[in-house]
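Chains, contacts and geometry: an overview
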Amino acid sequence: RWAAQDSEFADDVVFKPDRASFLKELATGRSGSKPFYAYSEYERGVIEYNVGHSIAKRYKDVRGIAKRWFNQNSKSGLKPAKNELREVAKALGLSMPNKLLKGGVTDRLRQVRIYSRSQKTWSNAPTSVKKAWREVLDHNRADVMVLKEILCLLREKKQLSTDQ
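Note that the structure is a prediction, hence the values are computed from the model and not measured. (Residues numbered from 1 in each chain as written. Predicted model: local features only at pLDDT ≥ 70, side-chain atom pairs only at ≥ 80, totals over all residues. Heavy atoms only, no water.)

1. Quick word on the overall build of the chain
Of regular secondary structure, the chain possesses eight helices and two strands. Going residue by residue from the N terminus, the α and β elements of the chain occur as α-α-β-α-β-α-α-α-α-α. On the principal axes, the C-alpha backbone points of the chain span a range of 60 × 35 × 25 Å. The buried share of the chain, reckoned over its 164 residues, is 32%. A separation of at least 24 residues holds for 55% of the contacts in the chain among residues at least 6 apart in sequence. In the structure as shown, the chain presents an accessible area of about 11300 Å², 51% of it carried by carbon and sulfur atoms. (Helix = DSSP H or I, 4+ residues; strand = E, 2+ residues; numbered from the N terminus. Buried < 20%, exposed > 50% of the residue type's maximum accessible area, 1.4 Å probe, protein only. Contact = heavy atoms within 4.5 Å. Areas by Shrake-Rupley, 256 points an atom, 1.4 Å probe, with all protein chains shown as cover.)

Right under this line is the structure:
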C-alpha cells in the first residue's frame, strides 16, 4: 500500500484500497462493455474471482490471439521461439526494454511488501527496495505497452492479408 502511495511513484501507479471494488467498477461501470486484454487466462481468473462473475465474453487473451495468428500464418516464416510475451514481440519485430528475469517480479515484490506494511517502514525503505519497486512498475508498463503494439500489428497484418 505505502509503496503505491509514495509521491515518487504517483505518475506510475494509482492506489486503490479495495481491489475487488475497483475491478467490479471496471467490469460494470461506463466501460462495462469494453474488452479486457491480458496475456494469459490467469489474469481472467483473478478478475472473475474479485468481481464475482464471469467476464469470459469480454476477456481477450492476447497469448491465444497471437498463437492463432502465428498458426494461421505459418507460411510467413514468423514464429516465436516460445509463446512468451517477449518472444512473440520479437517474432513480430517489436522491441521491448530489458525485462526482469523469470521470478524477478516476484522477488522484487517480496522486497517491497516487507517495507510497504506501514508508512513508517516504507519511509525507511532502503534505496534498493525503492529501485525494486521502480523496476516492477517499469516491467509492467512495458508489458502493457507491448500488448497494445502486438494487437495493433496483428490487426494491421490481418487487414493486409485480407486486402490481397
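2. Some remarks on the nonpolar core
Counting residues in hydrophobic clusters, the biggest one holds 18 residues, and the most contacted among them are Phe-70, Leu-85, Val-88, Leu-92, Leu-94, Val-146 and Ile-150. When residues of this core are traced back to their parent elements, those giving at least two are helix 4 (62-72), helix 5 (85-91) and helix 8 (127-163). Examining the composition of this core, we find that six residues originate from one element, helix 8, more than from any other. Those residues in contact with Leu-85, other than ones at most four positions away along the chain, are Tyr-39, Met-96, Asp-143, Val-146, Leu-147 and Ile-150. Counting eleven residues, the second-largest nonpolar core is a separate cluster that includes Val-112, Val-129, Ala-132 and Val-136. (Core = buried A, V, L, I, M, F, W, Y, C linked by side-chain atoms within 4.5 Å.)

3. Looking at the pattern of salt bridges
By the definition in use, this model includes eight salt bridges. A salt bridge links Arg-44 to Glu-41; its shortest N-O distance comes to 3.1 Å. Remark: Glu-41 and Arg-44 occur in helix 3 (residues 41-51); sequence separation between them is three residues, near one turn of the helix. The exposure class assigned to Arg-44 is partly exposed, which follows from its relative accessible area of 25%. (Salt bridge = Lys/Arg side-chain N within 4 Å of Asp/Glu carboxyl O.)

4. Remarks on the packing of aromatic side chains
For any two aromatic rings, the description comes down to two numbers: the centre-to-centre distance and the angle of the planes. Tallied over the full model, the rule gives two aromatic pairs. Measuring from centroid to centroid gives 6.4 Å for Phe-9 and Trp-133, while their planes differ by 75°, and the two rings are edge-to-face. Of the two residues, Phe-9 sits in the loop between helix 1 (2-5) and helix 2 (19-28) while Trp-133 sits in helix 8, which places them 124 residues apart along the sequence. For the residue pair Phe-9 and Trp-133, the accessibility class agrees, reading buried in each case. (Phe/Tyr/Trp six-rings, centres within 6.5 Å; stacked < 30°, edge-to-face > 60°.)

5. Quick look at the side chain of Ser-116
Looking at where Ser-116 falls in the secondary structure, it is placed in the loop between helix 6 (104-115) and helix 7 (119-123). When its relative accessible area of 9% is taken as the criterion, Ser-116 is described as buried. Polar side-chain contacts of Ser-116 include one of 2.9 Å to the backbone nitrogen of Ala-3. Contacts of Ser-116, omitting those with residues within four sequence positions, involve Arg-1, Trp-2, Ala-3, Thr-121 and Trp-122. (Polar contact = N/O pair within 3.5 Å; in protein donor to acceptor, adjacent residues only side chain to side chain.)

6. Re the packing of helix 2 against helix 3
Look at helix 2 against helix 3: their axes get within 8 Å of each other, and the N-to-C directions meet at 100°. Overall, the two elements helix 2 and helix 3 adopt an arrangement that is roughly perpendicular. Of the residues in helix 3, those in contact with Arg-19, Ala-20, Leu-23, Lys-24 and Ala-27 of helix 2 are Val-46, Ile-47, Asn-50 and Val-51. Of the residues in the contact of helix 2 with helix 3, the class split is six nonpolar, one polar and two charged. (Axes fitted to C-alpha atoms, helices over the stretch in contact; angles between N-to-C directions. Parallel < 35°, antiparallel > 145°, perpendicular 65-115°, else oblique. Nonpolar A, V, L, I, M, F, W, Y, C, P; charged D, E, K, R; others polar.)

These values are about where atoms sit, not about what they do.
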